[in-house]
Amino acid sequence: MKKLFTFLFIIPFIWANNCIKCHKGIEDIRNPNSGMAKAIAKKAKEAGFADNSCIVCHGGNPKATTKEDAHKETIDYFLKNSGPKEFYPDPGSAWINKNTCGMCHKEQVAAQMNNLMNTEQGKIQGALWGFGWNIREHKYANYNLTNLHKRFGTKTYQNYMKQLSQKEPQVFVKKTIELPPAPTADEVEKDPKLAAITYLRQECLRCHTASKGRSRRGDYRGMGCSSCHIPYSNNGFYEGNDPTIPKNEPGHMLTHQIQASRDAKVHISTLTYSGIPVETCTTCHNRGKRIGVSYQGLMETAYNPTFDEHGNPQPKLHTKHYLHMSEDVHYKKGMLCQDCHTSIDVHGDGAIAGSTLAPVEIECQDCHGTIKRYPWELPLGYSDEFGQKLSNKPRGITKTLAEYLKKGTYYKPKDGYLLSARGNPLPNVVKSGDEVIVHLASGKDLKLEPLKKLSKERKLSQAAQVAMGQIEKHLEKMECYSCHDTWAPQCYGCHVKVDYSKGKKHIDWLAVAHDHDVHGADAAKRKTLKEHLIDGEATETRSYLRWEDPILVQNGEGRIAPAIPGCQTTVTVIGKDGKTIIQNHIFIGHDNDKEVLAIDMAPVHSHTVQKEARSCESCHTNPKSMGFGIGGGKLFSTPGDTLIVDLMTADGKVIPKKVTIQKPKVEGLSFDWSKIIDENATQLVTVGHHWNLSRALNKEELSKLDRREVCMSCHKTMPDHDLAVSLMVHVANMSNIKIDNDMHKNILNKNLLLSAWVQIGGVALIFLGLLYWFVRIRRR
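What comes next is a walk through the structure. (Residues numbered from 1 in each chain as written. Predicted model: local features only at pLDDT ≥ 70, side-chain atom pairs only at ≥ 80, totals over all residues. Heavy atoms only, no water.)

**A short note on the packing of aromatic side chains**
Argument step 1. Counted by the stated rule, this structure contains 10 aromatic pairs.
Argument step 2. Where Y77 meets F78, the ring centres are 5.7 Å apart and the plane angle is 70 degrees; that geometry is what we call edge-to-face.
Argument step 3. Taking the relative accessible area as the measure of exposure, Y77 reaches 22% and is therefore partly exposed.
Argument step 4. Given a relative accessible area of 0%, F78 falls into the buried group.
Argument step 5. Geometrically, the ring pair formed by Y374 and W376 is stacked, given 5.1 Å between the ring centres and 5 degrees between the ring planes. (Phe/Tyr/Trp six-rings, centres within 6.5 Å; stacked < 30°, edge-to-face > 60°. Buried < 20%, exposed > 50% of the residue type's maximum accessible area, 1.4 Å probe, protein only.)

See below:
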């Protein structure tokens, strides 16, 4: 009887949730009443461990009584069926999540490896371009990959993307190959261009989602699905209740809960939130185009202001110091990145898409429309043309998401769901009469009045009415953010040094990601980074930073857009003997078969949208915006000249014999970094080399843009505001006529002459009036 009692006592001990014996107090990954938690519980019950749902994601041995035994292998049920095949400390890891997240989210997990945030093709192609490789095909990636058989999304979307892929085959490649192995110092001696691979592997490729990445303040995150869906604070400290996770050691998740949609509530301390915080995205999106930090109003600075109460300077975040600029208006409204960017934008559609314009299916007009058409009245592809002729057929709305999500509806809208520019329904954006309701992931609902409604109800400013209603070319040819991105981070001159001297070595982050084990952990997660050191050490600096008046160019969609420096790379390579192989070298690229410098100016939506747009003058009277350079390219001395600062004679000869060069020259660069065209509108550098239509503004476009010392100089000082506006309207109505600067000067001259005659006539009339009254008085 005693033996039987002991046996009966042990059974519940064995079959209870042994994980909680050690991890008592750990947070529920989701609310137990949520659909996800119930699905996990059902899977645990099918596996024969109804009280232990932890193993459905983490695997391991639920019968074990020691940590070592619990954290290895898994139960037979999962080995024979879907589920974990080992113990997984991070079940979201890209290397094993087909056995965890993929049980319920098959499409997203299937698409993840082809996702641009994992392949990094655009980043790789861009760096290779700056090092003189001259390849436009985005064939190199972090891994060897092949397109999925079928894209996800509606049939309309699939047909749209098929046409776009055929039009831009250099971006939409069918297969990718892994970036070549890191070169040795000897190989670089023979071909300095190979230093690009060292640079990429040491600096650029640590942020992709299949890697744990670098453990620094602001860089802490999970892997794969966990990169976005598990919260990590900037400082990387755990603030939950699991006693086994240290709270004073950085590098841990903030809490053991999933952040996702508005239904996934995260409870941390006394605060509850839903959605994925913006800072989760900026963990990676703080370099390159810097759109994540820019959205928050953060602009990198070379300084470290201000001091705290202890006299310490600003701490580094993402290894940088920041200025606080104006945040994007959407950020101010409480919108998270996922409120605009769709599942296909972030997870991918299963096909390889090598540059940022490729996977992003949304446009501003999808929600805002234009001043003359509601979003549902626009044709598919509006503002996403890529040179293609669009149908006049309105895109309309859709009543159901079934074709897209296959899970019914989210919000049961009165009128229907809006469609993206490429034909997929927007699950969180619905039509309500002539208004739009955006259901934010945070739980807040925003009412949006489209531009057409605002115009009809005279709620737009006169300047906005003129800019968007009278000057139709603005909306037909320009991106909305050309005017509304009022600032953009501009890092001019990217000076890269790759030094192979004295046996220098550094971490190969791509090799770190490739070194993953059966638990889904890469070398960064296992803290074995020193096993992946390669020859050389890459460092970088810049010439200067700016933020105001971004340059205007034509982007890959064929629309006028802002641009910021992409990879304006000058390359210095030091050989293993300490001697310079190449110094401050700029390679040559190609623009439509013409040789140009391969220092790229990249079209961008900087995500710094403000309600009040840029002033007319900031584009129409600003040589920098036109591409002629800051101050017309006349402020900076030629970077191609060596600068020596010391005692000099009046005719510029250096007096001392022992001098130090203050600024070494950049061979072949005869103009400032901010200049992309010369006075004849000849393009000097590459502009957005990913896409066929990307280029600097041409002569015809400049003739319409350039109004220096012409209309704006008068309109600014008009005493009667209404008269000034009426003249703007007149100019706008004349916009279909080709008016260049010479014609404008002729019109201005006639206006001045007319004004002079009017004034002379006025004086004459006054004189005659006075004479008339004088004569009448004399007669009396």
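The structure having been displayed, the exposition proceeds.
**Brief notes about unusual backbone geometry**
Argument step 1. Going from P305 to T306, the amide bond is cis rather than trans, its omega being -10 degrees.
Argument step 2. A positive phi is found at E73, a non-glycine position, where the angle reads about 60 degrees.
Argument step 3. Positionally, E73 belongs in the loop between α5 (67–70) and α6 (76–80).
Argument step 4. Residue classification places E73 among the partly exposed positions, given a relative accessible area of 49%.
Argument step 5. Backbone geometry places H318, a non-glycine residue, at a positive phi of 55 degrees.
Argument step 6. For H318, a relative accessible area of 0% gives the class buried. (Helix = DSSP H or I, 4+ residues; strand = E, 2+ residues; numbered from the N terminus.)

**So, the packing of helix α9 (residues 121–130) against helix α12 (residues 195–204)**
Argument step 1. The contact between α9 and α12 brings their axes to 9 Å, and the two run at 140 degrees. In terms of axis orientation, α9 runs oblique to α12. Classified by chirality, the crossing of α12 by α9 is right-handed. Between α9 and α12, the contacting residues are K123, I124, A127 and L128 on the first element and A196, L200 and C204 on the second.
Argument step 2. Taken together, the residues of the contact of α9 with α12 sort by class into six nonpolar, no polar and one charged. (Axes fitted to C-alpha atoms, helices over the stretch in contact; angles between N-to-C directions. Parallel < 35°, antiparallel > 145°, perpendicular 65-115°, else oblique. Left-handed = near helix turned anticlockwise from the far one by under 90°. Contact = heavy atoms within 4.5 Å. Nonpolar A, V, L, I, M, F, W, Y, C, P; charged D, E, K, R; others polar.)

**A word on the pairing of strand β6 (residues 298–301)**
Argument step 1. The alternating pattern of β6 places L298 and E300 and M299 and T301 on opposite faces, both of which are buried.
Argument step 2. By the bridge criterion, four bridges tie β6 to strand β7 (residues 321–324) in an arrangement that is antiparallel. Paired with L298 across the two strands is H324, which belongs to β7. (Pairing = 2+ DSSP bridges.)

**Digging into helix α3 (residues 35–46)**
Argument step 1. With 12 residues, α3 extends 17 Å between its outermost C-alpha atoms, agreeing within 8% with the 16 Å of an ideal straight helix rising 1.5 Å per residue.
Argument step 2. What α3 keeps buried is the set A37, I40, K43 and A44. Seen end-on, α3 carries its buried residues on one side only, within an arc spanning 125 degrees. The exposed set on the far side of α3, more than 90 degrees from its buried face, consists of G35, K38, K42 and K45.
Argument step 3. Check the buried side of α3 and you find it contacts α4 (54–58) and α6.
Argument step 4. Within two residues after α3, G48 carries a phi angle of roughly 95 degrees, on the positive side. (Expected span 1.5 Å × (residues − 1). Arc of directions from axis to C-beta.)

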